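# Reading the structure
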Amino acid sequence: MSEGVRTTNEVAWQQAWNDGEIFASSDDPSKPKFYCLEMYPYPSGKMHMGHVRNYSIGDAVARYKRMKGFNVLYPMGFDSFGMPAENAAIAEGGHPHDITEKNMASITEQIKRMGFSYDWERLVKSHDPNYYKWNQLFFTRFFKSGLAYREHAPVNWCEPCSTVLANEQVKAGRCWRCNGPVEQKDMSQWFIDITKYAQELLDGLDIINFPESVRLMQEDWLGRSEGVEIEFGIENSEDTIRVFTTRPDTLFGATFLTLAPEHPLAEKLVKGTEYESEWKAIYDKYANMSEFDRIKNLNKKEGVSLGCFAIHPLTQEKIPIWAGNFVLATYGTGAVMAVPGHDERDFEFAQKYGIAIKRVLVENEDDDPSDALEQAFTGNGYMVNSNKSGFDGKFGDEAKDAVASALESIGKGDRQINWKIRPWLISRQRYWGTPIPIIHCDECGAVPVPEDQLPVVLPRDVEFTGKGNPLETSESFLNTTCPTCGKPARRETDTMDTFVDSSWYFLRYTDAKNLEKWYDSQAADYWMNVDFYCGGIEHAQMHLIYARFYTKALRDLGFHSIDEPFNELLCQGMVNKSAPFCVSCSVTLPVSNAGLPCPQCSEPLTERSAKMSKSLGNTVSPEQMIEKFGADTVRLFILFAANPTAGMDWSDVAVEANHRVILQLQTMPLQLLEWNKPAHDIDAWMLARLRQRHQQWSDDMDRYDLRRAVECSHYDLVKDINWYVRRGGGRAEVGREVLELWTHMIAIATPHLAEDWWSQLGGEGLLAAHILEEYAPVSEEDQALLDGETLLRDLLEQARKVRTVAERHIDGEATSLTIVTSAPWRYEMASMALNHLAEGNNIKAFMGILTKSELTQGEFRGERLGFWNKRLLPQVFKWDDEKKRILLSPLEETVVYANACAFIAEELGLESVQVVQGESQEDDTQKSGVAMPLSPAFIYA
RNA sequence: AUCGAGGUGGCUGAGGUGGUCAAAGGCGCCGGGCUUAAGAUCCGGUCCCAGAUGGGUUCGAGGGUUCAAAUCCCUCCCUCGAUACCA
């Protein structure tokens, strides 16, 4: 290593940032704010590559915005309540609190070692009573406003986790965390009514910048459907059955009604009849079946007749009432009108039980209404067979509307909107979460803990046996007095879902040190909403929907005035690494199988990239990588390997390559600061290039295209500088200017290296605190300079290619070169054609224009028209946009080359180089016919 | 099964209003020059066959439209993600 080149001491810079409190942020309404956030992690013991990627992206954005003069809030915290710590306590002894604190300490250290620019002062920990106190306060406010309530209802129970789960946490009938089966249990539980905000949550999706996939997932989850609730009378009964349908246009095809087995009317209708035992059987079978089993039995339609009849509201026909397993008690009214002709489920059911299938829609207007249905026709169609006037022939929305209106006019139907989303079940029968601040009193019922008695702190005197809720083992916690009547009472032992914690932590960050209040509403209004939120897509419908809901609910209670928490969401891709893969078994195997045949089929294995996981053993430890290459290398690699949203493959070779780049970059300040050459024409080019690079880089950063930004700052600029030097540049002033701006540009990915540069430059203070001045955009003169060098580089490449050929002809080494540029009329013809195309015209029409043009009159007509057809026409399509722009610009190729003759001669090792314009007076070469615009003829001698 | 997103050369990544597209750029790799040396830099190569500007086969597979398709249309396959009878 040459003298003066510094090896970056990353830890020292981290210390300096810390000592200088560079990243501490304060409210400052005079500056534009930027809130950059990553999803706060659960503190498992180690940082993994997914974290590193996530935070490398966020940190780059935060540093960029800070540099551009924004007042940046970039906080970090821990989602530190949750089951893993409690499970660890059960399995290994210890206390969840201690386990959590220990894990947090170690992961914090690792995160800090990466040099991320967090404001650690604002650290938020979910398990801190100063945080969860406000969970409790919000809950009591929700309770008072009716948004939170307790209800005895069937809920999802996960036995392995021994707690209930929210709907969102049941994935394919299994627990999102442990993948255990989920059963239905009737329990008294706490809910927050997110459904009140369903419409607003849906509407908000249009104004925020979420990835399309997330938007769709949330839309699906909210599940808005418009339809009609229809009332059916029951024969010989005062009762009625209401059903919800989105397809009122098929009402005339309803040949039976189906109730969920749990529907209250079902029991009533069969009570004491011969049908009771059959109904009871199906009720017992399905009412408590786990969701997982139910899904397994999907498509096995099963039902029983209830032995009575409903009255069709429009035709007064008698239609039988059934109970069926495929009707959900919790959606709509728990009852459906069955239209086997136009619904697949009803069709299957009707076929199985021999119920009539009636056609009431035809696909095409002139189709035969009496055609039998081979299968359900579920699309929109033209109404037929209604036997009433005013319906047949109507299609789609018009048909739905006609039926809905008819029902409304006789008071038998109401237009309604139904949602799939259910109230959020927040009770958990576990210890390690926020205690729900409720006291149960025999006299007064469920009473919220008064706000001045909050927080209700988690007690330490509990036993972690793995059975039941540990809170129930704490007598000191359980026994209390009723805040209303003062009599002995019991505390609620359920704790809150950890997603409650993460539903407002971003608000707490805006005023995290406040011990008196949840947060100051002005602070929240100043910082919110989050401008850039980066995290994994796995939270698309849990966290990201709860957080949006909480923001709205808290707004309505006057805590702030923000509608949406997150403006821009970026879901970063996964970090993968190759693992053995068997093509014929289509299975990925642990890395221990590398080099061995497939254990199942004995075929040789190939490699395939797969998500890093412990089970495959294809993980890479961030700690080891930092140890070996430093944080800057890891960050650079991660940002450069792929777009933030794309999956990326970990590659050891590529990491090393990036490390070499870092080593090379370490030498740059020394090199640039030693420049002492005199002024040169190329100086202006270098500065123009610098402006261009800065502009590209800023544009890329503004679009969060970090890969391209890093390519620009860490790769392209190096090449530019090499070219500058090669062209004879090396002026001290230029070196300084380049280095100053460039230092800022490299700081977003490699901040430690940048600080080294800054100190070598003698920059004031720490670079991380330095705001980049407005930088001039690329001017027209700049563009001309840039274009000129582009031409020159192309020329050299072409000249080299021709040379080897030429030297065989002249039978020896060339010593001189004559460059013959195109004749002026060729340029003119090219620009005419390009303009013609740019105006959106057809190229075929150009011939007509050409024949009338002055260019093709007189003695040259044949030659020039031939040139167009044979040479220029195909070439017109070959030029890329840049070349087209150059051709249309005033820049003269001949002048560019002529000014660079000495350089060309030097580059090619020639004694002399001349440039002549084709067909000019100086041109005695006879070679101008070969020359094309931007592609001159070369004559070596 | 349904609904999204997507499949481009070792990787990354442009292009996608049909025409110089064998497909930009970058990375990696290979060869060479320069060097005491180098991670620096420069030149060349990197689908196959040629080697004085040529030929062949390519943009998941197959078919179609066209003078012309990576680009348009159809079918299929694969990958990833979401959903799980929502009436």
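Since the model is a prediction, treat every value here as computed from it, not as a measurement.

### Brief notes about the environment of proline 669
Residue placement: proline 669 occurs in helix 21 (residues 668-673). Judged by relative accessible area, which is 0%, proline 669 ranks as buried. Separated by 67 residues in the primary sequence, proline 669 and arginine 736 have C-alpha atoms spaced 8.9 Å apart. Not counting residues within four places of it along the chain, the set of residues in contact with proline 669 comprises Leu739, Trp757 and Gln760.

### Quick word on helix 20 (residues 652-666)
Over its 15 residues, helix 20 extends 21 Å from the first C-alpha to the last, a length consistent with the 21 Å expected when each residue adds 1.5 Å. Those residues of helix 20 that fall on the buried side of the exposure criterion are Val655, Asn658, His659, Val661, Ile662, Leu665 and Gln666. Buried positions in helix 20, seen along its axis, are confined to an arc of 155° and lie on one side of it. Structural note: helix 20 exposes Val653 and Arg660 on the side pointing more than 90 degrees away from its buried face. The secondary structure elements touched by the buried residues of helix 20 are helix 18 (622-629), helix 19 (631-641), helix 21, helix 23 (706-726), helix 24 (732-746) and helix 25 (751-761).

### Quick word on the packing of aromatic side chains
Taken as a whole and assessed by the stated rule, the structure comprises 50 aromatic pairs. For the ring pair tyrosine 40 and tyrosine 505, a centre distance of 3.8 Å and an interplane angle of 10° mean the geometry is stacked. With tyrosine 40 in the loop between strand 1 (33-38) and helix 2 (49-67) and tyrosine 505 in helix 15 (residues 505-508), the pair connects residues that are 465 residues apart, well separated along the chain. An angle of 75° between the planes, with centres 4.8 Å apart, marks the rings of tryptophan 742 and tryptophan 757 as edge-to-face. Pair noted here: tryptophan 742 is in helix 24 and tryptophan 757 is in helix 25, with a separation of 15 residues, a long-range link. Comparing tryptophan 742 with tryptophan 757 shows no difference in burial state: the two are buried.

### Focus: unusual backbone geometry
In this chain, leucine 454 is followed by proline 455 through a cis amide linkage whose omega measures 5°. Cis geometry is adopted by the peptide bond preceding asparagine 529, which originates at methionine 528 and carries an omega value of 0°. Of note, asparagine 529 is situated in the loop between helix 16 (521-527) and strand 26 (532-535). Even without a glycine there, the phi angle at tyrosine 704 is positive, about 60°. As for its placement among the helices and strands, tyrosine 704 is situated in the loop between helix 22 (682-702) and helix 23.

### Describing the packing of helix 22 against helix 24
At a minimum axis distance of 10 Å, the contact between helix 22 and helix 24 shows a crossing angle of 10°. What the angle tells us is that helix 22 and helix 24 run roughly parallel. Across from Asp683, Met686, Leu687, Leu690, Arg693, His694 and Trp697 in helix 22, the residues of helix 24 making contact are Val734, Glu737, Val738, Leu741, His744 and Met745.

### Some remarks on the domain arrangement of chain A
When its domains are assigned, chain A resolves into domain 1 (23-126 + 502-571), domain 2 (135-193 + 423-484 + 492-499), domain 3 (225-418), domain 4 (576-638), domain 5 (667-778) and domain 6 (786-940). Computed over C-alpha atoms only, the centres of domain 1 and domain 3 are separated by 48 Å.

### Side note on the sheet that holds strand 21 (residues 438-441)
Here we have four strands laid out as an open sheet, ordered 22-21-24-23, and antiparallel in their pairing. Each having just a single partner strand, strand 22 (445-448) and strand 23 (479-481) make up the two edges of the open sheet. Adjacent strand axes in the sheet meet at a mean angle of 45° when their direction is disregarded. In this structure, strand 23 lies alongside strand 24 (residues 488-491), joined through three bridges in antiparallel fashion. When the bridges of strand 24 are listed, threonine 480 appears paired with alanine 489.

### Concerning the pairing of strand 11 (residues 240-245)
The pairing of strand 10 (residues 225-234) with strand 11 spans six bridges and is antiparallel. Across the sheet, the residue bridging to valine 228 is threonine 245, located in strand 11. Counting the residues between successive antiparallel strands, the hairpin from strand 10 to strand 11 contains five residues, one of them, asparagine 236, with a positive phi of roughly 60°.

### Some remarks on the sheet that holds strand 6 (residues 163-165)
Strand order in the open sheet made by the four strands is 6-5-9-19, with antiparallel pairing throughout. The sheet terminates laterally at strand 6 and strand 19 (424-425), the two strands that pair on one side only. Pairing between strand 9 (residues 182-192) and strand 19: two bridges, direction antiparallel. Within strand 19, the residue paired with phenylalanine 191 across the bridge is leucine 425.

### Considerations on the pattern of salt bridges
Where charged atoms of side chains with opposite charge meet at close range, the side chains can pair. Using the criterion set out here, one finds 49 salt bridges in the structure. In this structure, the salt-bridge partner of glutamate 267 is lysine 271, at a minimum N-O distance of 4.0 Å. Residue classification places glutamate 267 among the partly exposed positions, given a relative accessible area of 38%. In this structure lysine 271 comes out as exposed when scored by relative accessible area, which is 52%. Ionic pairing is found between lysine 285 and glutamate 302, a salt bridge with its closest N-O pair at 3.0 Å. Highlighted residues: lysine 285 in helix 9 (residues 276-287) and glutamate 302 in the loop between helix 10 (291-296) and strand 13 (303-311), separated in sequence by 17 residues. Exposure remark for lysine 285: the relative accessible area of 42% places this residue in the partly exposed category. When salt bridges that share partners are traced, they join Glu200, Arg548, Lys552, Arg555, Asp556, Asp563 and Glu564 into one network.

Calculation rules
Residues numbered from 1 in each chain as written. Chains lettered and ligands numbered in written order. Predicted model: local features only at pLDDT ≥ 70, side-chain atom pairs only at ≥ 80, totals over all residues. Heavy atoms only, no water. Helix = DSSP H or I, 4+ residues; strand = E, 2+ residues; numbered from the N terminus. Buried < 20%, exposed > 50% of the residue type's maximum accessible area, 1.4 Å probe, protein only. Contact = heavy atoms within 4.5 Å. Expected span 1.5 Å × (residues − 1). Arc of directions from axis to C-beta. Phe/Tyr/Trp six-rings, centres within 6.5 Å; stacked < 30°, edge-to-face > 60°. Axes fitted to C-alpha atoms, helices over the stretch in contact; angles between N-to-C directions. Parallel < 35°, antiparallel > 145°, perpendicular 65-115°, else oblique. Domains from an automatic or database assignment. Pairing = 2+ DSSP bridges. Salt bridge = Lys/Arg side-chain N within 4 Å of Asp/Glu carboxyl O.

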